[in-house]
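Coordinate inspection notes
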Amino acid sequence: MNGPSSTPASFRNRLLFRDGAIAGAGLDVFEVEPLDPDSPLLTLDNIVVTPHIAGTTLDTWTRRLDFAFSNFQRVDGGAPAEFLISF
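So, a few notes on the structure that sits alongside this text. (Residues numbered from 1 in each chain as written. Predicted model: local features only at pLDDT ≥ 70, side-chain atom pairs only at ≥ 80, totals over all residues. Heavy atoms only, no water.)

A separate point is the overall build of the protein chain. Summing up its helical and strand segments, the protein chain has 2 helices and 2 strands in all. Pairs at least 24 apart in sequence give 23% of the contacts found in the protein chain among residues at least 6 apart. Accessible surface, the protein chain as shown: approximately 6900 Å² in total, 61% of it carbon and sulfur. (Helix = DSSP H or I, 4+ residues; strand = E, 2+ residues; numbered from the N terminus. Contact = heavy atoms within 4.5 Å. Areas by Shrake-Rupley, 256 points an atom, 1.4 Å probe, with all protein chains shown as cover.)

What follows concerns the packing of aromatic side chains. Evaluated as defined, the whole model comprises 0 aromatic pairs. Taking the ring centre of Trp 61 as reference, the NZ or CZ of Arg 64 above it sits at 4.8 Å. (Phe/Tyr/Trp six-rings, centres within 6.5 Å; stacked < 30°, edge-to-face > 60°. Lys NZ or Arg CZ within 6 Å of the ring centre and 35° of its normal.)

What follows deals with unusual backbone geometry. Following Glu 33, the chain continues into Pro 34 via a peptide bond in cis, with omega recorded as 0°. Tracing the sequence through the fold places Pro 34 in the loop between strand 1 (25–27) and strand 2 (47–49).

Another aspect to go through is the environment of Leu 35. One can find Leu 35 in the loop between strand 1 and strand 2. With relative accessibility at 22%, the residue Leu 35 sits in the partly exposed group. Taking the C-alpha atoms as reference, Leu 35 lies 8.7 Å from Pro 51; in sequence the two are 16 residues apart. The residues contacting Leu 35, other than those within four sequence positions of it, are Phe 30, Leu 42 and Val 49. (Buried < 20%, exposed > 50% of the residue type's maximum accessible area, 1.4 Å probe, protein only.)

In terms of nonpolar packing, the biggest core is built from 9 residues, these being Phe 11, Leu 15, Ile 22, Ala 25, Leu 27, Phe 30, Leu 41, Leu 44 and Ile 47. Of all the elements in the fold, those that place two or more residues in this core are helix 1 (8–17) and strand 1. If sequence neighbours within four positions are ignored, Leu 15 has contacts with Ile 22, Gly 24, Ala 25, Leu 27, Leu 41, Leu 44, Asn 46 and Ile 47. (Core = buried A, V, L, I, M, F, W, Y, C linked by side-chain atoms within 4.5 Å.)

Along the chain, Asn 71 falls in helix 2 (residues 58–76). By relative accessible area, Asn 71 is classed as buried at 13%. If near-sequence neighbours (up to four positions away) are discounted, Asn 71 is found in contact with Ala 81 and Glu 82.

Its location among the elements puts Asp 28 in the loop between strand 1 and strand 2. Buried charge without a partner: Asp 28 forms no salt bridge, and the closest opposite charge is Arg 64, 9.5 Å away. Non-local contacts of Asp 28, meaning those with residues more than four positions away in its chain, are made with Glu 33, Thr 50, Pro 51, His 52, Ile 53 and Ala 54. (Lys, Arg positive; Asp, Glu negative; His and termini not counted. Salt bridge = Lys/Arg side-chain N within 4 Å of Asp/Glu carboxyl O.)

Let us now look at helix 2. Between the first and last C-alpha of helix 2 there are 27 Å, a value that for 19 residues agrees with the 27 Å anticipated at 1.5 Å per step. Two residues or fewer after helix 2 comes Gly 78, characterised by a positive phi angle close to 95°. (Expected span 1.5 Å × (residues − 1).)

In structure tokens:
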């Protein structure tokens, strides 16, 4: 999202009221998940809604596996892992 529609609510309203500023949208992430089955967004014919998996493709899985294997090789060879995540 960018430009004058800068909040999820204003984006949703522009889609709902069809003011012409946004012709359509593919939505994958919502303020509250899962999206309420009674959401007015689900009645629109100018959107596509996915269950937070739109970015997953065969190519992304291949890249993830390549990255993970490369990290295993780095650590096995004594080098630090890339992109460590701490919890």
